[in-house]
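In case you want the letters, here they are:
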Amino acid sequence: MSLFLGRALAAVPSDQAAAFDQYAGRLERGEIAPDSQAGMDQALEHMKSLVPAADARRELRYRYMYCILGMDAPPEQGIAYAAKGIEDARRLDYYQAEINFHFCRGANQEALTTPRDALADYDAGISLARQHEDQRLLADGLTWRGSVQSLLGEHALALVDFLEAQKFYSASGAPVESEQNLFNIAVAYRRLGEQAQAREYLDKLLALGEQRHDRAQQLAAHMELGFLESDAGNQPVAERHLRRALALANAVDSRSRGASIHLGLAQVANLQGRYQEALDELARAKPGFARMGDRSNRDMVLLQTAEAHAGLGRHGVAVDEYNQAETLLRQSGNLRYLAELLDARARSYQALDHPDLAVTDLRRLMSVHEALDRKAHSNNATLMNYQFQTARREQENRRLAADRALKDQQLESLQRVRHWQRLALVLGGVLIAMLLWLAVRQFRRSRKLHRLAMTDPLTGIANRRHIEQLAQRALDHACANGESLCVLVLDVDHFKAVNDAFGHAVGDQVLLRVAQACKQALRRFDMVGRLGGEEFLVVLPDTTLEVALQIAERLRRKVESLPLANLAPGLHITASVGAALADHDADDLAELVRRADNAMYRAKDAGRNRVEVGSRLQVM
């Protein structure tokens, strides 16, 4: 595969491949950043036109970028597209593509079910990036995972992921990714309740977007500022930001953002008591989510719809919607909105003259508030631990740098005064290397001799001494742990006739093939050895007699079906097998093997090519 791919790449015109790589890199780093979906579609189409013919890796690079940046299809199709990409990436050993397809599949999984379900793909991408020490893709994965953790209420964990990603983006000179990640950090601070820090980030990002006439960045900043002001209780200001974001979303044809903004406007309208207007905004949001196949916001749509209906006095309808929303909120684990739902539904129950149901919801609300308090404490502890660990790492890095500088100085001084010692050190190193070489050689020779002493030279399996040692250990272990143990004795039928008719060289090859067939037919933990001549001993740890007989029959059939015509025309062999189950109260190894051996002879007396069982009564 790699040789073929290398020839295919070698055949690609270098200028076309270089043009593709340059354009793909700029698009991937955000240096080419269309501010509308139509512009992004054009950029991806141009990238596709640059893919050299028969270049599987560059085609796969286009596919994962299309999957992340331009795919406009239902999430089910996006998941299938990404899964095929992962398969192709593994086949080509292209880990960067595999990681990005994991991110794409996770994003589609978020839209199809819940953000929690996307974590498996994001974690898989992060793990691969760590494995290959790819810091850039690791930072990308941390931003994907952090966004989900933030949605799930794990805001401190999200912020830690975003801050770790930011360290790489800042250190590696990735200004576009660094600036985009500031949105993530701002959102995490907003959800943690750190509104001042979030507003500082968002105001700065909005100013940069306006300065560069970057409508996409202005859209994101206005949208997040709208959510921030709504959380802070400034609904008129929130509405102004969201209206401005909606205008920008329409200008850049961002349907997913537009649907989310309508949902945000519905929430703002509900909070201001404009319930019919909230329903109108929700009616505008739903088609947008439906066109995108985005189901991740169903819980919030139902919650806001229920609150609007409750505000209009339609409490019966509202309760049904609250119930549907509760199921989804519990699936997503969003405790903040679950608390809002329980409080609102309790008021509807009260209006419907169901005080007992209202009290039940209020009691559950107290439990959710307690869980939110615990989550807040956990978030604080996580942030404090991260800050402590970061400070400690920085202090340790400074100490290591100082130690390194001191050691460099000491080394320089030692080099000046110990020049004469270098030859002695080199000679000493040569002597040590020779001694090590001799020691390794002796060790390898000892291991080889030990292996030869334990191995049957003809068949390569354990010899009589070794298989009996293994069998004794297995019997001791079985007795100590109360486990079953069985042994089989297998003997090749009429083997002397084989030697007489075809010669000992053919007989040796027959024994070798019988040993190989036994190894193939046994389980990983079973053991086989040659007792001598054409007789073999098989040890079956932790095995009942019923299973042992199945294995014995499998061995018999394997030997019977051995193709030997290439050794001698008309050559065919069979084997007789005796089985015995260990009696922990009465058996030693010799007795156990003797019973199996007697059973094998009974098999021969009964016509050969069969399996017989040895019992204590028959031995006695």
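Sequence order as written defines residue numbering, which begins from 1 separately in each chain. Side-chain atom pairs in this predicted model are given and counted only at pLDDT of 80 or more, local residue features only at pLDDT of at least 70, and totals for whole chains, interfaces and linings cover all residues. Side-chain descriptors were evaluated using all non-hydrogen atoms of the structure, hydrogens and water having been removed beforehand.

Draft legend 1. Spatial organisation of the overall build of the protein. We count a stretch as a helix when DSSP gives it H or I for four or more residues in a row; a strand needs E for two or more, and each element gets its number in order from the N terminus. Counting its regular elements, the protein contains 26 helices and five strands. The cut-offs for exposure are 20% and 50% of the maximum accessible area for each residue type, with area from a 1.4 Å probe on protein chains only; residues under the lower value are buried, those over the upper are exposed, and the others partly exposed. Going through the 620 residues of the protein one by one, you find that 45% of them count as buried. Working note: accessible area of the protein is about 32,100 Å², and carbon and sulfur atoms make up 53% of it. Exposure was quantified through the Shrake-Rupley algorithm and a 1.4 Å probe, taking into account, for residues, occlusion by the shown protein chains and nothing else.

Draft legend 2. Region of the structure containing the state of the cysteines. Any two cysteine sulfur atoms within 2.5 Å of one another count as a disulfide. Under the definition given, this model contains one disulfide. Two residues share a disulfide in this structure: Cys 67 and Cys 104, whose sulfurs sit 1.8 Å from each other. Because the sign of the S-S torsion sets the handedness, a value of about -75 degrees for the bond joining Cys 67 and Cys 104 places this disulfide among the left-handed ones. Of this pair, Cys 67 sits in helix H4 (residues 56-69) while Cys 104 sits in helix H6 (residues 95-112), and the two are 37 residues apart along the sequence.

Draft legend 3. Structural detail: the pairing of strand E3 (residues 535-541). Taken across its seven residues, E3 has seven buried, putting it largely inside the fold. Residues Glu 535, Leu 537, Val 539 and Pro 541 of E3 are buried on one face, and the alternating residues Phe 536, Val 538 and Leu 540, pointing to the opposite face, are buried as well. Two strands pair under a simple rule: DSSP has to find at least two bridges between them. Looking at chain direction, strand E1 (residues 485-492) and E3 are connected through seven bridges and run antiparallel. Opposite Cys 486, over in E3, you have Leu 540 as the bridge partner. Note: strand E2 (residues 527-532) against E3, five bridges, orientation antiparallel. From the neighbouring strand, Gly 529 faces E3, where its bridge partner is Leu 537. Between E2 and the antiparallel strand that follows it, E3, lie two residues; Gly 533 among them carries a positive phi value of about 55 degrees.

Draft legend 4. The arrangement of the pattern of salt bridges in detail. When a carboxyl oxygen of Asp or Glu lies within 4 Å of a side-chain nitrogen of Lys or Arg, that pair is called a salt bridge. Inspection of the entire model under this criterion finds 40 salt bridges. With a shortest N-O distance of 2.9 Å, Asp 88 and Arg 63 are connected by a salt bridge. Here Asp 88 is found in helix H5 (residues 75-91), whereas its partner Arg 63 is found in helix H4, with 25 residues between them in sequence. In this structure, Asp 88 and Arg 63 share a single accessibility class: buried. Note that Asp 456 is salt-bridged to Arg 530, the shortest N-O span being 3.3 Å.

Draft legend 5. How the structure looks around the sheet that holds E3. One open sheet accounts for five strands, arranged E2-E3-E1-E4-E5; its pairing is mixed. A single partner strand is all that each edge strand has here, and the edge strands are E2 and strand E5 (611-614). Averaged over all neighbouring strand pairs, the angle between strand axes comes to 25 degrees, with direction disregarded. Helix H24 (residues 545-560) rests against E1, E3, strand E4 (575-581) and E5 of the sheet, and its axis sits at about 20 degrees to E1. Helix axes are fitted to C-alpha atoms over the stretch in contact, other axes to C-alpha atoms as well, and angles between N-to-C directions run from 0 to 180 degrees. The contact rule is simple, with two residues in contact once any of their heavy atoms fall within 4.5 Å.

Draft legend 6. The environment of Arg 345, seen in detail. Within the fold, Arg 345 resides in helix H18 (residues 335-351). Relative accessible area serves as the criterion here: at 2%, Arg 345 is assigned to the buried category. Sequence spacing of Arg 345 and Leu 357 is twelve residues, and the spatial spacing of their C-alpha atoms is 9.2 Å. The contact partners of Arg 345, leaving out residues within four places of it in the chain, are Tyr 322, Asn 323, Glu 326, Asp 361 and Arg 364.

Draft legend 7. Focus on the nonpolar core. Within this scheme, the nonpolar core is defined by two criteria: the residues are buried Ala, Val, Leu, Ile, Met, Phe, Trp, Tyr or Cys, and they are joined through side-chain atoms within 4.5 Å. With 34 residues, the main nonpolar core has Leu 488, Leu 490, Val 510, Val 514, Leu 555 and Ile 573 as its most contacted residues. For this core, the elements supplying multiple residues, two or more each, are E1, helix H22 (495-502), helix H23 (504-521), E3, H24 and E4. Val 514 has contacts with Leu 490, Val 492, Phe 536, Val 559, Leu 562 and Ile 573, leaving out every residue within four places of it along the chain. Formed by 29 residues, the second largest nonpolar core is a distinct cluster that contains Ala 266, Ala 310, Leu 341 and Leu 342.

Draft legend 8. A look at helix H17 (residues 315-332). Helix length check: H17, at 18 residues, gives a terminal C-alpha distance of 25 Å against a target of 26 Å (1.5 Å per residue), a fit within 8%. For H17, the full list of buried residues reads His 315, Ala 318, Val 319, Glu 321, Tyr 322, Ala 325, Glu 326, Leu 328, Leu 329 and Ser 332. Just downstream of H17, Gly 333 is the residue with a positive phi angle, here 75 degrees. Each helix should span, by expectation, one fewer than its residue count multiplied by 1.5 Å.

Draft legend 9. Highlighting the packing of helix H10 (residues 175-191) against helix H12 (residues 215-231). Relative orientation of the contacting elements H10 and H12 amounts to 10 degrees, with a least axis distance of 11 Å. One finds that H10 runs roughly parallel with respect to H12. Within the contact between the two elements, H10 uses Glu 179, Phe 183, Val 187 and Arg 190 and H12 uses Gln 217, Ala 220, Ala 221, Glu 224, Phe 227, Leu 228 and Asp 231. Charged means Asp, Glu, Lys or Arg here, nonpolar means Ala, Val, Leu, Ile, Met, Phe, Trp, Tyr, Cys or Pro, and polar covers whatever is left, Gly included. Here the contact of H10 with H12 is built from residues that sort into six nonpolar, one polar and four charged. Oblique is the label for any angle not under 35 degrees, not over 145, and not in the 65 to 115 range, which are roughly parallel, roughly antiparallel and roughly perpendicular in turn.

Draft legend 10. Inspection of the packing of aromatic side chains at higher detail. Two aromatic rings, drawn from Phe, Tyr or Trp (for Trp, its six-membered ring), form a pair once their centres lie within 6.5 Å of each other, and the interplanar angle then sorts them: stacked below 30 degrees, edge-to-face above 60, tilted otherwise. Evaluation of the coordinates by the stated rule reveals eight aromatic pairs. Residues Tyr 64 and Phe 101 carry aromatic rings whose centres are separated by 6.2 Å and whose planes lie at 85 degrees to one another, so their mutual orientation is edge-to-face. Of the two residues, Tyr 64 is situated in helix H4 and Phe 101 in helix H6; the sequence distance between them amounts to 37 residues. Given the relative accessible area of 3%, Tyr 64 is considered buried. Each member of the aromatic cluster is reached from another via a ring pair, and the members are Tyr 62, Tyr 66 and Tyr 81.

Draft legend 11. Inspection of the side chain of Gln 304 at higher detail. Relative to the helices and strands, Gln 304 is located in helix H16 (residues 298-311). Dropping the residues within four chain positions of it, Gln 304 is found in contact with Leu 263, Ala 266, Gln 267, Asn 270, Leu 282 and Glu 340.

Draft legend 12. Representation of the pairing of E1. Across the eight residues of E1, eight count as buried, placing the element largely inside the fold. Here E1 shows no split at all, with Leu 485, Val 487, Val 489 and Asp 491 on one side and Cys 486, Leu 488, Leu 490 and Val 492 on the other all buried. Bridge analysis of E1 against E4 gives seven bridges, and the strand direction is antiparallel. If you follow Val 487 over to E4, its bridge partner there is Ala 580.

Draft legend 13. Spotlight on the confidence of the model for the protein. Confidence along the protein averages 86 in pLDDT terms, with 87% of residues attaining 70 or more. Note on residues 1-12: pLDDT is under 50 here. Beyond four places in sequence and across chains, it has 13 contacts. Residue-level confidence of the predictor, termed pLDDT, takes values from 0 up to 100.

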